[in-house]
Amino acid sequence: MDLSFTKEELAFRTEVRDFIKKSLPESIRAKMQDGKFTSKEDMVTWQRILNAKGWAVPHWPVEWGGAGWTAIQRYILREEIEAAPAMTPLSFNVNMVGPVIAHFGTPEQKQRFLPRCANIDDWWCQGFSEPGAGSDLAGLRTAARRDGNHYVVNGQKMWTTYAHYADWIFCLVRTDPQAKKQEGISFLLIDMKSPGITVKSIVTIDGAHEVNEVFFDDVRVPVENLIGTENRGWDCAKFLLGNERTGMARIGISKERLKYLKKIAEEEDADPGFLQKLAAVEIELKAHEMTTLRILSAEQRGAKGPGSSILKLRGTEIMQSITELYLSLAGPFGLQSRREGPDEHLSNEEALDPEWAGVIAPTYFNWRKLSIYGGSNEIQKNILAKMVLGL
Ligand SMILES: Cc1cc2nc3c(=O)[nH]c(=O)nc-3n(C[C@H](O)[C@H](O)[C@H](O)COP(=O)(O)OP(=O)(O)OC[C@H]3O[C@@H](n4cnc5c(N)ncnc54)[C@H](O)[C@@H]3O)c2cc1C
């Protein structure tokens, strides 16, 4: 199998790199480079720049803004955005609810939601997990009872990322309590301004506010906000989760973080033992990149397999090893927290000093989430055991 890029793909990479260099606001690039918190406004600004170029949703159907590209072209765009470094378009919009609406929605729903979703005129959040229903998602209990032209929703969602930013939430709700677990679930779009919704923040171990609890108390949702068929929401959920995991290979981010780590290690004259560990992670990353290209190449030829689970598992393991390397290089200084605000992560000072090292720990802690969300890594291993090993 030839995994090298074609001449056209290399030219495409140059075009993408040039565009990003020219269009990415310096203030956003600098924040990303320094591992600092990027705001909602930064995210919206950047996604709109990409959308105006036709690059926010290249994987969507062409009639709804897709670019009609190959999987390799999409991979190149993502890698270049991550390496810039810049934020990739908001996953809840472009990889989750957008493709679900494009696939399962009515023409009216597509018209109403998709253009706003691509341009982030609506910020979406994901209401799947609940207390007691994470890995066992089908055990969810948030109920939607039909009442005339509305559903009346009661229950609680958990770990809802950026619910405090969101205009809309896409939810899995139980519409038939009598049916078998997976069969009584529906996929519902809910306006976050609806009376009866309460968002309660959760501050994580790194001091960041990303996740929330969302409570629904007799929330009335018009029936036209149901996606697909009532009680067939599990089909939408499976479709969505496959897309979510594929986006977790994160090769561009890992390359960028490793490149910077190497620079510091060199400046600090890091010991050979550390450099050996760094090289080992770099080799792992190269292997992961090859695996990603192999999976993309197979998918371009129509093959289906457990690709998204492999990419999620290895991509997140490598990202976590990188934070371990940073922490190890920072040594005892890594114990100090010198962050100015609650959402700053890695700092990119010129040299390793206590200030630089003091911001490493929050990122180390924050990135523990990677092996939990999007289906925990243990669950991905179960999937691989079943699909690859036949266990
Ligand atoms: C930072 C963050 C952001 C998140 N954002 C969102 C969001 O926006 N929207 C949303 O809906 N959800 C979100 N989640 C929730 C996430 O999807 C769940 O946390 C995840 O699915 C795990 O579920 P749980 O937390 O209930 O853990 P549990 O399912 O209770 O699992 C606990 C532990 O047991 C292991 N385990 C469970 N079952 C098995 C099994 N069968 N075999 C082997 N091991 C098993 C798990 O791997 C885990 O280590 C987020 C989570 C985090 C941490």
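Structure shown above.
Just so it is clear, the structure is predicted and the values come from calculations on it, not from any experiment.

(A) Broad picture of the overall build of the chain. Check the secondary structure of the chain and you find 13 helices and eight strands. Relative to its length of 391 residues, the chain is compact, with a C-alpha radius of gyration of 21 Å against a globular reference of 21 Å. A principal-axis box enclosing the C-alpha atoms of the chain has dimensions of 70 × 50 × 50 Å. Taking all 391 residues of the chain together, 51% fall into the buried category. In the chain, the share of contacts with a sequence separation of at least 24, taken over all contacts with a separation of at least 6, comes to 73%. Here the chain displays about 18,200 Å² of accessible surface, and carbon together with sulfur accounts for 53% of that area. Within the chain, one finds 48 positive and 52 negative side-chain charges whose respective centroids are separated by 5 Å.

(B) Representation of the side chain of Ser309 within the structure. With respect to the helices and strands, the residue Ser309 is situated in helix H10 (residues 307-330). Residues contacting Ser309, with those up to four places away along its chain left out, are Gln380, Ile383 and Leu384.

(C) Broad picture of the site of the ligand. Taken together, 17 residues lie around the ligand, and Ser135, Trp159, Thr161, Ser376 and Glu378 are the ones closest in. For the ligand, an oxygen atom lies 3.0 Å from a polar atom in the backbone of Phe128. Look at the ligand: alone it shows 960 Å² of surface, and the protein chains cover 65% of it. Taken together, the residues of the shell around the ligand break down into seven nonpolar, eight polar and two charged. If you count residues domain by domain, the shell around the ligand takes at least three from each of domain 2 (124-231) and domain 3 (248-387).

(D) Local environment of the nonpolar core. Among the nonpolar cores identified, the biggest contains 98 residues, and Phe170, Phe187, Leu189 and Ile190 are the most heavily contacted of them. Setting aside anything within four residues of it in sequence, one finds Ile190 in contact with Val153, Asp167, Trp168, Ile169, Cys171, Ile197, Phe216, Val219 and Val221.

(E) Examining the pairing of strand S5 (residues 185-191) more closely. In terms of residue burial, S5 counts as a mostly covered element, since six of its seven residues are buried. Pairing analysis gives seven bridges linking strand S4 (residues 168-174) to S5, with the strands arranged antiparallel. Bridging across to S5, Phe170 finds its partner in Leu189. Of the pairings in the sheet, the one linking S5 to strand S8 (residues 226-227) comprises two bridges and is antiparallel in character. Residue pairing across strands places Phe187 opposite Ile227, the latter belonging to S8.

(F) Main features of unusual backbone geometry. With omega at -5 degrees, the peptide bond leading from Ala84 into Pro85 counts as cis. Mapping Pro85 onto the fold places it in the loop between helix H4 (71-83) and helix H5 (91-104). A positive phi angle is found at Tyr162, which is not glycine, with a value near 55 degrees. Mapped onto the secondary structure, Tyr162 falls in the loop between strand S3 (150-157) and S4. At Asp218, a position not held by glycine, the phi torsion is positive, near 50 degrees. With respect to the helices, strands and loops of the structure, Asp218 is situated in strand S7 (residues 209-222).

(G) Representation of the environment of Leu258 within the structure. Take Leu258: it is sitting in helix H8 (residues 251-267). Ignoring any residue separated from it by four or fewer positions in sequence, one finds Leu258 in contact with Leu278, Val281, Glu282, Leu285, Ile322 and Leu325.

(H) How the structure looks around helix H13 (residues 377-387). What H13 keeps buried is the set Asn377, Gln380, Leu384 and Ala385. Down the axis of H13, the buried set is contained in an arc of 140 degrees. They therefore lie on one face. Pointing more than 90 degrees away from the buried face of H13 are the exposed residues Glu378, Asn382 and Lys386.

(I) Structural context of the packing of helix H1 (residues 7-23) against helix H3 (residues 40-53). It is at 11 Å that the axes of H1 and H3 come closest, and there the two elements cross at 135 degrees. Between H1 and H3, the angle falls in the class oblique. Seen along the crossing, H1 lies across H3 with a hand that is right-handed. Residues Phe19, Ile20 and Ser23 of H1 pack against Trp46, Ile49, Leu50 and Lys53 of H3. Classifying every residue of the contact of H1 with H3 by side-chain character gives five nonpolar, one polar and one charged.

(J) Up close: the packing of aromatic side chains. For the structure on display, the rule yields 15 aromatic pairs. Ring centres of Phe12 and Trp69 lie 4.9 Å apart, and the angle between their planes is 80 degrees; this geometry places the pair in the edge-to-face category. One end of the pair, Phe12, is in helix H1; the other, Trp69, is in the loop between H3 and H4, with 57 residues separating them in the sequence. The buried category is assigned to Phe12, whose relative accessible area is 8%.

(K) Summary view of the packing of helix H9 (residues 272-300) against H10. Close contact between H9 and H10 brings their axes to 10 Å; oriented N to C, the two are set at 160 degrees. Relative to H10, the element H9 lies roughly antiparallel. The element H9 and its partner H10 pack so that their crossing is left-handed. Across the interface between the two elements, Phe274, Lys277, Leu278, Val281, Glu284, Leu285, His288, Thr291, Thr292 and Ile295 of H9 pack against Gly307, Ile310, Leu311, Arg314, Gly315, Ile318, Ser321, Ile322, Leu325, Ser328 and Leu329 of H10. Each residue belonging to the contact of H9 with H10 can be placed in one class, and the counts come to 11 nonpolar, seven polar and three charged.

Thresholds, definitions, all that
- Residues numbered from 1 in each chain as written.
- Predicted model: local features only at pLDDT ≥ 70, side-chain atom pairs only at ≥ 80, totals over all residues.
- Heavy atoms only, no water.
- Helix = DSSP H or I, 4+ residues; strand = E, 2+ residues; numbered from the N terminus.
- Rg over C-alpha atoms; globule rule 2.2 N^0.38 Å.
- Buried < 20%, exposed > 50% of the residue type's maximum accessible area, 1.4 Å probe, protein only.
- Contact = heavy atoms within 4.5 Å.
- Areas by Shrake-Rupley, 256 points an atom, 1.4 Å probe, with all protein chains shown as cover.
- Lys, Arg positive; Asp, Glu negative; His and termini not counted.
- Charge placed at Lys NZ, Arg CZ, Asp CG, Glu CD.
- Near = heavy atom within 4 Å.
- Polar contact = N/O pair within 3.5 Å; in protein donor to acceptor, adjacent residues only side chain to side chain.
- Nonpolar A, V, L, I, M, F, W, Y, C, P; charged D, E, K, R; others polar.
- Domains from an automatic or database assignment.
- Core = buried A, V, L, I, M, F, W, Y, C linked by side-chain atoms within 4.5 Å.
- Pairing = 2+ DSSP bridges.
- Arc of directions from axis to C-beta.
- Axes fitted to C-alpha atoms, helices over the stretch in contact; angles between N-to-C directions.
- Parallel < 35°, antiparallel > 145°, perpendicular 65-115°, else oblique.
- Left-handed = near helix turned anticlockwise from the far one by under 90°.
- Phe/Tyr/Trp six-rings, centres within 6.5 Å; stacked < 30°, edge-to-face > 60°.

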